[in-house]
Amino acid sequence: MRIENEMLSRFNKTEELDLTKTEMTLSQELDFFFDNVMDTVVDYFKEEVTVK
């Protein structure tokens, strides 16, 4: 659940910055989404490793 919340917060934050861009191709949208997912997953595991 924590990963999902982090992903949503990142996606929403960056999406707000991109509101000026009205046209995005599907490819760009997917790249953006998966970049955010990977960043979130990497951060999550970095945090888990430092905690244990």
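Our subject is the structure that appears above.
About the cut-offs
- Residues numbered from 1 in each chain as written.
- Predicted model: local features only at pLDDT ≥ 70, side-chain atom pairs only at ≥ 80, totals over all residues.
- Heavy atoms only, no water.
- Helix = DSSP H or I, 4+ residues; strand = E, 2+ residues; numbered from the N terminus.
- Buried < 20%, exposed > 50% of the residue type's maximum accessible area, 1.4 Å probe, protein only.
- Areas by Shrake-Rupley, 256 points an atom, 1.4 Å probe, with all protein chains shown as cover.
- Expected span 1.5 Å × (residues − 1).
- Patch = residues over 30% accessible without salt bridge, like charges linked within 9 Å, V, L, I, M, F, W, Y side chains within 5 Å.
- Salt bridge = Lys/Arg side-chain N within 4 Å of Asp/Glu carboxyl O.

Caption draft 1: Inspection of the overall build of the protein chain at higher detail. Looking only at helices and strands, one finds two helices and zero strands in the protein chain. Per-residue burial over the protein chain gives 10% buried out of 52 residues. Approximately 4,600 Å² of the protein chain is accessible, and the part contributed by carbon and sulfur atoms is 60%.

Caption draft 2: Seen up close, helix α2 (residues 26-51). With 26 residues, α2 should reach 38 Å at 1.5 Å per residue; the first-to-last C-alpha distance of 38 Å fits that figure. Among the residues of α2, those classed as buried are Phe32, Asn36, Val37 and Thr40.

Caption draft 3: Main features of a nonpolar patch on the surface. Judged by side-chain polarity, Leu26, Leu30, Phe33 and Phe34 come together as a nonpolar surface patch covering roughly 390 Å² of accessible area. By secondary structure assignment, the location of Phe34 is in helix α2. Overall, the relative accessible area of 47% leaves Phe34 in the partly exposed class.

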